[in-house]
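Survey of secondary and tertiary structure
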Amino acid sequence: MNKEFIPYEQALELKQLGFNEPCFATYSNVQEAGIEKGSLSYYEGLFLPISSKMFCLAPTYSQAFRWFREKHSLVHEISWSKYKGGLNFDYDVFSLVLPTDDELGDEDDIASDKSMETYDSLVDKDFRHHESNTYEEAELACLIKLIEIVKNK
Amino acid sequence: MNKEFIEYEQALALKELGFDEPCFAFYNHNHQLLRYTNPDKDWNSLFNQTLRNSKIIVPDTYTAPLYSQAFRFFREKYQLHNGIYPYYDEYEFQIKDFRLPTNTPINGGLMKYEEAELACLNKLIEIVK
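Just so you know, the residues in each chain are numbered from 1, in the order the chain's sequence is written. Chain A is the first chain written and ligand 1 is the first ligand written, with later ones labelled in order. Where local features are concerned, this predicted model is filtered to residues with pLDDT of at least 70; where side-chain atom pairs are given and counted, the filter is 80 or more; whole-chain, interface and lining totals use all residues.

**Notes on the confidence of the model for chain B**
Threshold: What pLDDT expresses is the predictor's confidence in each residue, scored from 0 to 100.
On average, residues of chain B carry a pLDDT of 82, and 80% of them reach 70 or more. Interface predicted TM-score (ipTM) for the complex: 0.80; the corresponding pTM is 0.82.

So, in structure tokens, the structure goes:
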């Protein structure tokens, strides 16, 4: 089940960005007897924990992606393609906030036509340079990109 | 947090399709979603109990996979890949069956994200059944 959780490093970054929702697991923030810093533990209590100095919440990937979608209007997609007999995975990120009329520019410009509105990718593509060999690699790369986008806002 | 889990009907269907992995929660006989307080220990004890006496199969309780677990199950076991994509104010799902030589995607939607996720899961179950 550990595959479901984002890594410690990204969990720390999400915490800095304000993520503080109940999670099924936590990462230890301290080195204690028998417990490594950054080790994942499933939460045993009746009520799910909120953040503390001792531990960092460990969201699942789907929780993290939902948080970006609902809090920052950022959606992602993981796509796939067949390549040399195997599968390759790639990701993309879009903002659900459409550009304003001012941002769109000239009224006569085709891009300003509301009927033409689409979500532009926030990922600079250099011919699929984000390709990953596994779904999990693409998922992590996508999460790192989302964190970077929100940090740079 | 309950949004993370697939619903009872789909959990039952997944079990019939061979899903048998540890989960964070289960559905009881009243179809209520209950969380294991310790997934490792609870899952093991449940599993061992079943093994100790094969006549006891812990009736009427079904593990409740997360959506991500369910989608991973279809990806790894059946080579069925899915995605949920934004389209204007709504979302659509897409499924590709990589077992087939020509994998024309199956599309569905347009709806809210969670609805698209559920519709996608239902379609995956339908394809495998």
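The discussion continues.
**What about the sheet that holds strand β2 (residues 33–35) of chain B?**
Residues and elements named next belong to chain B. Convention followed: In this scheme, strands are said to pair when DSSP sees at least two bridges between them. Secondary structure counts use DSSP, requiring at least four H or I residues in a row for a helix and at least two E residues in a row for a strand, with both numbered from the N terminus. Helix axes are fitted only over the stretch in contact, all axes being lines through C-alpha atoms; the angle between N-to-C directions runs from 0 to 180 degrees. Whether two residues are in contact depends on their C-beta atoms, placed from the backbone: they are in contact if these lie within 7 Å.
In spatial order, the strands read β2-β1-β3; together these three strands make up an open sheet with antiparallel pairing. Only two strands of the sheet have a single partner each, and these edge strands are β2 and β3 (62–64). Here the average twist between neighbouring strands, direction ignored, is 35°. In this structure, strand β1 (residues 25–27) lies alongside β3, joined through three bridges in antiparallel fashion. Across the sheet, residue F26 finds its bridge partner in β3, namely T63. Here helix α1 (residues 8–16) sits on the sheet in contact with β1 and β3, set at roughly 115° to β3.

**Quick look at helix α2 (residues 61–72) of chain A**
All names here are of chain A. Here is the rule we go by: A helix's residues, less one, multiplied by 1.5 Å, set its expected span. Residues are called buried when their C-beta atom has 20 or more other C-beta atoms within 10 Å, exposed when it has 12 or fewer, and partly exposed otherwise; all C-beta atoms are positioned from the backbone.
The first and last C-alpha atoms of α2 sit 16 Å apart over 12 residues, in line with the 16 Å expected at 1.5 Å per residue. Taken as a whole, α2 has its buried residues at Q63, A64, F65, W67 and F68. Buried-residue contacts for α2 involve α1 (8–16), β4 (74–83) and α4 (135–151). Taken from the residues just after α2, S73 is the one with a positive phi, measuring 55°.

**Concerning the interface of chain B and chain A**
Cut-off, in case you're wondering: Amino acids outside the nonpolar list (Ala, Val, Leu, Ile, Met, Phe, Trp, Tyr, Cys, Pro) and the charged list (Asp, Glu, Lys, Arg) are all regarded as polar, and Gly is one of them.
At the junction of the two partners, chain B supplies 20 residues and chain A supplies 22 residues. Per-class residue counts for the side of chain B that touches chain A are 10 nonpolar, six polar and four charged.

**Quick notes on the sheet that holds strand β6 (residues 106–111) of chain B**
Backbone-to-backbone hydrogen bonds pair the strands of a sheet. The strands run either parallel or antiparallel. Residue and element names in this part refer to chain B. The three strands lie next to each other as β4-β5-β6, forming an open sheet whose pairing is antiparallel. Unpaired on one side and paired on the other, β4 (80–87) and β6 mark the two borders of the sheet. When the angles between neighbouring strand axes are averaged without regard to direction, this sheet yields 20°. Pairing of strand β5 (residues 90–97) with β6 involves five bridges; the strand directions are antiparallel. Residue pairing in the sheet places I95 in a bridge with I106 of β6. Docked against the sheet, helix α4 (residues 113–128) engages β4, β5 and β6, running at close to 20° with respect to β5.

**What about the nonpolar core?**
Inclusion rule: To count as a nonpolar core, a set of buried Ala, Val, Leu, Ile, Met, Phe, Trp, Tyr and Cys residues must be joined through C-beta atoms within 7 Å.
Judged by nonpolar contacts, the single largest core of 57 residues is most densely connected at A58 of chain A together with A64 and A70 of chain B. The dominant element in this core, judged by the number of residues it contributes, is helix α3 (residues 67–78) of chain B, at five residues. Setting aside anything within four residues of it in sequence, one finds A64 of chain B in contact with F5, I6, A11, C23, A25, F26, Y27 and L33 of chain B.

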